[in-house]
Structures are given as C-alpha cells and as structure tokens.
Amino acid sequence: MGTDEVDRKILLPGDEIDEEDLKPGKGMFKRDGKIYAARLGVKRVRSGYANVAAQSGRYEPQEGEKVIGTVTDINSSFWMVDVNAPNPAVLHVNDVPWMVDYGDTASYIDVGDAVLVKITSVDEQNKMQVTMDEEGLKKLSDGQIIEIAPAQVPRVIGRGGSMISMLKKYTDCKIFVGQNGRIWISGQLEGQYLAAKAIKMIEENAQAVGLTDVVKEFLEENTDRF
Amino acid sequence: MGSNEDIELLKDGKRQDGRDFDELRDINIEAGVLKRADGSAYIEWGQNKIMAAVYGPREMHPRHAQETTKAVVRARYNMAAFSVPDRKRPGPDRRSVEIGKLVSEALEKVVFTERYPRSVVDVFIEVLQASAGTRCGGLTAASVALADAGIPMSDMVASCASGKIEDQVVLDLGKNEDNYGQADVPVGYIPRTDEICLLQMDGNLTIEEYEEAMDLSIEACKEIYEKQRQALRDKYSTELNEDEIEELKKEVK
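Residues numbered from 1 in each chain as written. Chains lettered and ligands numbered in written order. Predicted model: local features only at pLDDT ≥ 70, side-chain atom pairs only at ≥ 80, totals over all residues. Heavy atoms only, no water.

Visitor: Would you mind showing me how to read the nonpolar core here?
Guide: Across soluble globular proteins, nonpolar side chains show a tendency to be buried alongside one another. The biggest cluster of nonpolar side chains holds 68 residues, and the ones touching the most others in it are Leu107, Val123, Leu146 and Leu232 of chain B. For this core, the leading source of residues is helix α4 (residues 207–236) of chain B, giving 11 residues. Among the nonpolar cores identified, the runner-up in size contains 27 residues, and Leu167, Ile185, Ile199 and Phe218 of chain A belong to it. (Core = buried A, V, L, I, M, F, W, Y, C linked by side-chain atoms within 4.5 Å. Buried < 20%, exposed > 50% of the residue type's maximum accessible area, 1.4 Å probe, protein only. Helix = DSSP H or I, 4+ residues; strand = E, 2+ residues; numbered from the N terminus.)

Quick look at the structure:
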C-alpha cells in the first residue's frame, strides 16, 4: 500500500509514538519533541504524518465528505441539518438545486426530512456548511436509513468498495454509506431487510479476518429466499 | 472522621480486611459496557460498584453555558438509593454536586477541550454500591469511559486515596477506616506528565505523613493506570483468531 502503513496495535491516549522523523497528524499531539496518541485507535502513517485511525467515538466532520443528515430546523433562507456531528450544519438556499423564494424553504425540505449532502466547510468554531447542489446529492424520499458507528464505515465500504458493491449486487438495492455512519438503503423490502442485517453483521464483527467471505456466504444463503 | 475507641482498625500489622498498609483492594475494570452511550466503563473496587457513561462531544444545552472557544466537561456524580446501608435520599445533594465539580475539573485537565468549541462532553457516574473511595473509583472509571468514547485527551487520569488510621499511614481506605480513621486524602494523578489533578484532605496529617501518603497514592495510581489500559485493550484487541472465525461462520448458518 505504499506509504500507507498500518499497525494493528491499539493505541491509547497518552501512548508515545516512537518515530522521530514523523509529524503529528490526526489524533496525535506533540509535547517536548515527542509524539503521543490523543485518542484510542490504531496507528496509520501517511506521507510523513503519524495519525490515529479512531476505533470509536462520534463522527468528526471533514470538508468534502458526503453524509446523510436529517433536517432539524427551518429558517427563511436556510435549513439546519443534523449530520451526527457535535454541532448542526447549515444548508443554505443557494446550495440546493432549486430556486427557492425567500421564506418558502419549508415547501422544498421539511423538518424531519433526510438529505444526502456534502460538507463544504468546517471552521475552527466547528460551524459547518453543507451543499446539495451537486451530482448525486438529493433529498432522500424513499428507503430506510440505518446507523452504524462512524469508525466502522470503511469496513462496510470495503477495500476499493468491494464490500458495498457485493451488498448491492446480492440485495439488488441502492445503498449509500454516509461518512457519518448513516446508511441509506432503497429497493425491494426484502432486499432492504437483508442489506440492513448484513451491515449490522459487518459492524459487530468489524475486526474479523475474512469478513468479506463470511458476509458473502450469508448473502448467498439468504438471497435464495426471495 | 469520627473516632471510636472500640473499633480496632489495625491488628498484628494488618488491617481489618487483612490487607497490608500499602495494599489496594481488588480492582476490576471493564470498558464499553453500555451500548447506548458513546463510551462507558464499569469498575468494581473492593465492595464499590460504579458505572460511568460518556456522551459527546455534543451540542451544549443550555446555550448560555456554552464556551465559544472550548468544550465543557460536565460530570454528574450520583449515588443510587440502594448504594448504602441506609437508603440514600435520591437526587443531587451537597456532596454529590461537589464530587461532580471535582471530577469535571480533573478530567478537563486531560481532555483536549479546545478541539470542540461550543460543545459539551457529558460524563455520568452512577454509584451502584458504595464502600469508601467512590470519588476515586468514579474518576478512574470515567477516564476509561472517555477513552472508550474516543475523546481526544493527553492521558487518562488514575485516582486513589490514602489516609491515616491509628497513627499509621495506609493506602486505599476501606469503609470502617474511612469512618473511624484520622485522615483521608483522595488523589487524582496523570501518569504521563506526573501531575496531580485532584487533591483533597479530610482530617489532619503532619507534613511527613502527608508526603508518605502521597507516595503511596501515586504508586497505587500507576498500578490502577495499567488496569485502565488493560480494560481498554481487552475491549479493542483486534484480530479474531481462527476458531472465532469458524464460530462466526457457524452462527451465520
């Protein structure tokens, strides 16, 4: 994997990282010239930075990530969207694909609606902007949304998208995995049910070796039923 | 610090429960015991049974309590009605508010609060069974719960008390030692930087006795720190072995 080096040992807060020529990256901090882990996770070294890949905890929004949110509040010119982060995000009328008249926001997206959005900015105050005005982003009006731990999102997607494409193939559903741990599943009800079950299985056994095979076996056996 | 001449706290160089002067009670810590919380821990410390849960960082309510530049660590300490021999009247009282404040401030020292402005990290400490030393046990469990919740921090806090009974400095006071002893000194310790983040004293000690008590507590905290780390490693140690994979496959069938 080139510069992407993974160390399976679990790091705990305060653990010293024994690498002098690296810089502290995500989840790390530097004191007295030494690098320490700031949170629980595994070490990832990437382009000169030592990072902690979190194994637990809430979603930490990053610019450019696609997430699934629910609308919690409406204003005349923007919506407030909960994306599972510490603070809600702002979706402005300029960032939706429609021409929305001032004060007419509620007729397009209402409180409780689910939206697939992209984070455009996160400032140092943790204030977030999201957009829906881009290919593939939309209001989610059918299907169901399930939630998993954000740390397990890479598992559900799999290496190079292997896991997610397998899920789509066997369940014949549209599935979108938001980086914030919310997953949208749409399609035939049986397929949705099976996909949700498989995803829960992945979450619970996220660290298992050969997980893809186990999930494949599970899907093969159950797709016969419908 | 009531004194009672009839109670014999020391006998033949041993304490009531047979411990040496510098011996801890049995401590067992388990991380991630609650599914709904972002992080949690359960500790059994002698007869103490304490649960800690962490939520957040999340939006701070009430809004006026938000800090614009950093997160607030808000700990709540609560004793269950059934945690003590006589029923404890439920709800916050002077003592539990004090301990909540104490724990909040001790944990704020290690949490990188500046990474989450306008947010709050909620810590709940529920004492299910109490037998002296619950604030130390609560703080110890809360640190594990914070780490389990993936909260960025510079280190975990370990905590332990020491005190004086019958003119002898001892570690980790038990129930009778606490009630009838001469002094009780709870200490919160940050091992990586060798710092103290919680210190109280009930009773009187000479400077020499105090220094002896501190040495005992700090040594004990280092031992407890290892147990905290082991609890987290136990939960997160990855890579199932082959048998477990087989089992998983069977389960699926």
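Further notes follow.
Visitor: Quick question: what am I supposed to make of the interface of chain A and chain B here?
Guide: The parts lose accessible area when they come together, and the size of an interface is often stated as this lost area. Between chain A and chain B, the residue contacts involve 37 residues of the former and 37 residues of the latter. In total, chain A and chain B occlude about 3,300 Å² of area from one another, counting both sides; carbon and sulfur atoms represent 56% of this. When the buried area of chain A at its contact with chain B is split by residue, Leu12, Pro13 and Arg58 of chain A rank highest and sum to 17% of it. Here chain A is connected to chain B by two salt bridges. The salt bridge involving Asp15 of chain A is made with Arg229 of chain B; its shortest N-O contact spans 2.8 Å. Taken together, chain A and chain B are joined by 10 residue pairs in polar contact (both at pLDDT 80 or more). Secondary structure elements with two or more residues in the side of chain A that touches chain B: β1 (5–11), β4 (28–31), β5 (34–37), α3 (189–204) and α4 (211–223) of chain A. Per-element tally for the side of chain A that touches chain B: the top contributor is α4 of chain A, with four residues. Classifying every residue of the side of chain A that touches chain B by side-chain character gives 16 nonpolar, 10 polar and 11 charged. (Contact = heavy atoms within 4.5 Å. Buried area = accessible area lost by both parts, 1.4 Å probe. Salt bridge = Lys/Arg side-chain N within 4 Å of Asp/Glu carboxyl O. Polar contact = N/O pair within 3.5 Å; in protein donor to acceptor, adjacent residues only side chain to side chain. Nonpolar A, V, L, I, M, F, W, Y, C, P; charged D, E, K, R; others polar.)

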